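Understanding the architecture of this molecule
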Amino acid sequence: MNHIRTSRRSLMQAAGALVVGFHIAPRGALAQAAPANATPEINAWVVIHPDDRVVLRMARTEMGQGTRTGLCQMIAEELHCDWSKISTEYVTPGQSLARNRAWGNFLTAGSQGIRQSQDYVRRGGAAARIMLVQAAAARWGVDAATCTAKDSVITHTPTGRTLRYGEVAGEAARLSPPAQVPLKEPREWTLIGQSVPRLDTADKTTGKLIYGSDLKMPGMLVAVPRRCPVFGGKVRSFDAARVAGMPGVKHVVQIGDYGVAVIADTFWQAKTALDALPVQWDGGENARIQQADINARLTEGLNATEAFVGNSHGDARAAIAAAPRKIEAVYSYPFQNHAPMEPMNATVVWTPTRCDVWCPTQNGEAALVATAQAAGLPQTQCDVHRVDLGGGFGRRTTHDWLIDAVLIAKQVPGVPIKTMWTREEDMVQGRYHPITKAKMTAGLDANGEITGLHMRISGQSILSFVFPNALQNGRDPVQFQGLNAGGTEGAIGYTFPNLLIDHAMRNTHVPPHFWRGVNHNQNAIYLECFLDEVAHATNQDPLALRRKLMANHPKHLAVLNAVAERIGWGSAPPAGVFRGIAQQMGFGSYVAAAAEISVNAQGQLKIHRIVAATDCGVAVNPKQIEMQVEGSFVYGLSALLHGECTVKDGAIEQTNFDSYPVLRMEEMPKVETIVMPSGGFWGGVGEPTIMVAAPAVLNAIFAATGKRIRDLPIKDQDLRRA
Amino acid sequence: MAKLNVNGRVVEVNASPDTPLLWAIRDHVGLTGTKYGCGVAQCGACTVHLDGVPTRSCGITLGSVTETQKIVTIEGLSPDGNHPIQVAWRALDVPQCGFCQSGMIMAAAALLAEKPRPTDEDIDAAMTNICRCGTYNRVREGIHRAARGLSG
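Just so we're clear, the structure is a prediction, and the values are computed from it rather than from any experiment.

**Digging into the pairing of strand E15 (residues 345-351) of chain A**
All names here are of chain A. Within E15, six of the seven residues are buried, leaving the element largely enclosed by the surrounding structure. Of the pairings in the sheet, the one linking E15 to strand E18 (residues 417-420) comprises four bridges and is antiparallel in character. For valine 348, the partnering residue across the bridge sits in E18 and is isoleucine 417. Here E15 pairs with strand E16 (residues 354-359) via five bridges, running antiparallel. Paired with tryptophan 350 across the two strands is cysteine 355, which belongs to E16. The turn linking E15 back onto E16 is made up of two residues.

Listed below in C-alpha cells is the structure:
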C-alpha cells in the first residue's frame, strides 16, 4: 500500500516524483519537515550522489510521450555519465520561482518538451561535466585539459589515474560554473539519435506507478464535484441535509457559484451521495443553445464580409472570379473531448498560510499561478508537486479542475482533500477541440491549373477564450496553423498564384482548448482533401498535382515523396484496396502519410496500412518517435472515425465512452514509420502526424467509393460506393 | 463484513455491498494498480482476473463476490513482475502514459492463458480495452512475443 507520511519529502517519494535536495530555504510547515539533504547539486539539472547515482531534474512533464527519456539522453550526452545510474525528479514551480526560474519553461505542450529545452539542458549537462573534471584535476593538481570523462569516470590521460563522479561531486558543486560551455557537434553524438529504452517502463507493467488519482495521505478525504452542466451556469440551490447522513459523507460544499462537491471517506461514498444530492441549476441564457444554432452561426461566417487574414498574396478573389471554372466545397470539424484515460484530479492541503497541491499537470508554473489565485495566497506560500500524467493531450495545460480542487479544500482547512472527477464530469466539463467549418474555393484555368485559392475558415478561436491578450488586433494567429506563409512552426507547403486564407471568428459558449494537434487537425483536412478534390476534378494524379505546387517547399515534398515511394504510389494496390495521401508541416516538423483502405459492399471501412514520414530535423530517440507516430494515428483516427461532442440545451450530450466512442484495437491499422531527420533544426513529434492521419484516409475513401466525406466524424455516414 | 480473496490473501472489507469491486480493491484493500477510467465497463482499465476470467471490476459489486472466488490484480499477476506479458511489455516499451496498461496486461494475460498462440483476430476480440496514447500495435506485438516465448 502506498501510504504517505506527513513530510513533504515522503509525500513526493510516494508520489514517484522525488523532489528534494535543493539548496533553497524551505518554506512553510510542510517544507520544514523535509530533512536537509547534503547530496551535491552540480547545477540546476544535475545531482550526483556519492555512490555515483545521477539524478537529472525535469521541468517538463512526462505524460507518456517519452520526454523524460529524451531529456535524459540530451543531458547525459554532454554529462558523459553512466546511463544505468540515471534517475529523474520533478522540480516544483515554487523551487524554480525561488531560483529565478532556473529551470525555464515548464509547459509541456505544442510538441516542445524536447525541442524547446534542448539547448539549455545540453548546456546543463556539459557545464556539470566540466565542473566534475575540474574538481578531479584540482585534486590531482593537473591541467583539466589532460583529463577525459566517460561513463561517470574521470581519467587523467597521461597517468591513467581515475576518479568517479561520486568521489568529486562535492568539490565540483563548490566550483563556479564555467563561463564557456561548448556543445558537441551532432556528428560526435553517441546518445542523441539512439533508440535507448525508456527509463520509466517497469513500474507501468506492475501497477506500481503512482498517478494523481492513486495518492493517499493520512486523514485524507475524497471530494467528487459536479458543475452546472450548462457552461456558464450557476447553482441555484442544493439540499445538503438530504445526503449528510449517508455513509462516509463528511461535507457538502459549493464551488464558486457554479458547482457542488460531496466530501467523504472514499470516492464511491462521495459519488453515491453526489448522485443523491438534490441540486437546482440555473443554466441561464446558455441553456437555450442547441447544436443547430452553433452550426448555423458557423455557416453564416463562411460568407461573412469581415474576416481576419492569415495568409494572402496576389488577389485570390479576382482570380477566382475571372477563372473559367470554379470548384467549391464546404467542410466541417466537430467539438471533441480530450478524454485522457485518467480523469481530472488533484490533491490539496490548504491552510490559511500555505497551500500545497499534488497533481498531474502539463504546466507546473501555470498550475502554481492557478493554485495561488484560488488559495488566496501568494505564490511563495504555495507549491505544486507533480506526478506523471495518465494522459494529457492538452487538457492538463489548463487548470480549471485544479482551481475547483483548491476551492473545495479551502473549505476544510488542514485536511488533505483529493478531488476526483468522474468520467461523466470529465466528458461534460471538458475544454473542447474548437468547432469550425471551412469553405474552399478554387479558380481553375482552361488547363485545370489552380489560378486562385480561397480558404474561408469560420468558427471558434482558442486564444480568444484561453489567452485573449495574445490576440493580434482581434486576430487569432493560432487559427492558421500549417497555413502560414512561412516560419519555422507551421508553414504551408504549396505555392499558389493567388491565395487568400481568412477566418471569420465565430465563438460559442463551449470552452475550446488546445487539443493534441490543435488547429492543424481541421486545417490539414480542409486543405489536403480539397486539393484531392481539385486533382480528381481535373483528372490529375493527387501526388502529381501536389508536386507541381511544391517546387518551393523541398522539405514538405521530401516527406511526401518518401511515403509515396514506400506505399508504392503509381503501382497497382492489392485488389479492393485504395490509397490516399496527405502532407503538412506543424510543430516545427514535416510529416506525410499514405493510407491503404478498403470499403466493403456494406460500407464498412477497413484501414489496412498507413505509412508515415517525419522530418523533425534532429531525431533524439527514433523508437520514441515511432511510438509518437503510432499514438498520433490512434488519436487522429479516433477523431476521424468517432470523435464528436454535441450540444443540447447548452450542455454536452456525450457522457462516457459508450456515447463518445474512441478507437480500439480492432480498428488500428498497421503503421510503418519513416524517421528521416534532415538536420539543422529541432521539430516536435508528439502531435504532427495527427494532422495527416484523417486526410490520408479520407482521400483513400474517395478513391474507393467516389464519396467525398466533408463532415467529421465518419461514424454515421454511408460509405457505400456512390 | 465482506471478505475478498485478493492475490492469494483473504482481506476483510468494511464497505457497503453495492460498492463496485474496483473501489473495494482500490480504497479498502489498498491496491491502486487497478485503475478507474470510466466506471461503466467500457474502457477496461479496471480489469482483474476473477477465478481466471478477465473481469471489469467497476461493473460488479462487492456483494456479488464471495470469499471463495480468487481475485488477481496487476500486483498479484506474478511474484516478481516477470509474467511473460510483463517481460514482453518491457522488451518492447509498450506503455506510454501507462494508465490503461494494468488492464491491458491483465486482459492479455487472460487471453494467453486461454489461447497460448492467439491470432490477430483472437487479439482483436479479446483486447477491447481503451488506450488513448496509442499503444495498440505494441500491445499486439507484445502478446505475440509473449506467446512465442511461452511455446518455446
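**Here's the deal with the pattern of salt bridges**
All names here are of chain A. In the structure shown here, the tally under the stated rule is 53 salt bridges over all chains. Its salt-bridge partner being arginine 68, residue aspartate 388 comes within 2.8 Å of it at the nearest N-O pair. A residue pair is termed long-range when its members are at least 10 positions apart, and aspartate 388 in the loop between strand E17 (382-386) and helix H12 (400-409) and arginine 68 in helix H3 (residues 67-79) qualify at 320 residues. Per residue, the accessibility class of aspartate 388 equals that of arginine 68, and both read buried. Linked through salt bridges whose partners overlap, the residues forming this network are Glu62, Arg68, Arg198, Asp200, Lys204 and Asp388.

**Describing the environment of Ala704(A)**
Residue and element names in this part refer to chain A. If you trace the backbone, alanine 704 turns up in helix H19 (residues 690-705). A sequence separation of 277 residues divides alanine 704 from methionine 427, and the C-alpha atoms of the two residues are 34 Å apart. Dropping the residues within four chain positions of it, alanine 704 is found in contact with Phe578, Ile597, Val599 and Arg721.

**Some words on the pairing of strand E7 (residues 161-164) of chain A**
Regular strands show a simple pattern: their side chains alternate between the two faces of the sheet. All names here are of chain A. Bridge count between strand E6 (residues 153-156) and E7: four bridges; the pairing is antiparallel. Bridge pairing in E7 links histidine 156 to arginine 161. Remark: four residues form the turn of the hairpin made by E6 and E7, two consecutive strands paired antiparallel; glycine 160 in that turn has positive phi of roughly 80°.

**Topic: the domain arrangement of chain B**
Residues and elements named next belong to chain B. According to the domain assignment, chain B contains domain 1 (2-76) and domain 2 (84-150). Distance from the C-alpha centre of domain 1 to the C-alpha centre of domain 2: 21 Å. Contacts between the two partners involve 16 residues from domain 1, matched on the other side by twelve residues from domain 2. Buried surface at the junction of domain 1 and domain 2, both sides included, amounts to about 1100 Å², of which 63% is carbon and sulfur. The interface formed by domain 1 and domain 2 holds zero salt bridges in total. Counting across the interface, domain 1 meets domain 2 through five residue pairs in polar contact (both at pLDDT 80 or more). Put simply, the parts of the chain that give the side of domain 1 that touches domain 2 at least two residues each are strand E3 (47-50) and strand E4 (53-56). In terms of residues, the side of domain 1 that touches domain 2 owes the most to one element, E3, which gives three residues. Of the residues contributing to the side of domain 1 that touches domain 2, the split by class is seven nonpolar, seven polar and two charged.

**Side note on helix H6 (residues 165-174) of chain A**
Within H6(A), the full set of buried residues consists of Tyr165(A), Gly166(A), Val168(A), Ala169(A) and Ala172(A). Buried residues of H6(A), seen end-on, are gathered within an arc of 155° and therefore sit on one face of the element.

About the criteria used
Residues numbered from 1 in each chain as written. Chains lettered and ligands numbered in written order. Predicted model: local features only at pLDDT ≥ 70, side-chain atom pairs only at ≥ 80, totals over all residues. Heavy atoms only, no water. Buried < 20%, exposed > 50% of the residue type's maximum accessible area, 1.4 Å probe, protein only. Helix = DSSP H or I, 4+ residues; strand = E, 2+ residues; numbered from the N terminus. Pairing = 2+ DSSP bridges. Salt bridge = Lys/Arg side-chain N within 4 Å of Asp/Glu carboxyl O. Contact = heavy atoms within 4.5 Å. Domains from an automatic or database assignment. Buried area = accessible area lost by both parts, 1.4 Å probe. Polar contact = N/O pair within 3.5 Å; in protein donor to acceptor, adjacent residues only side chain to side chain. Nonpolar A, V, L, I, M, F, W, Y, C, P; charged D, E, K, R; others polar. Arc of directions from axis to C-beta.

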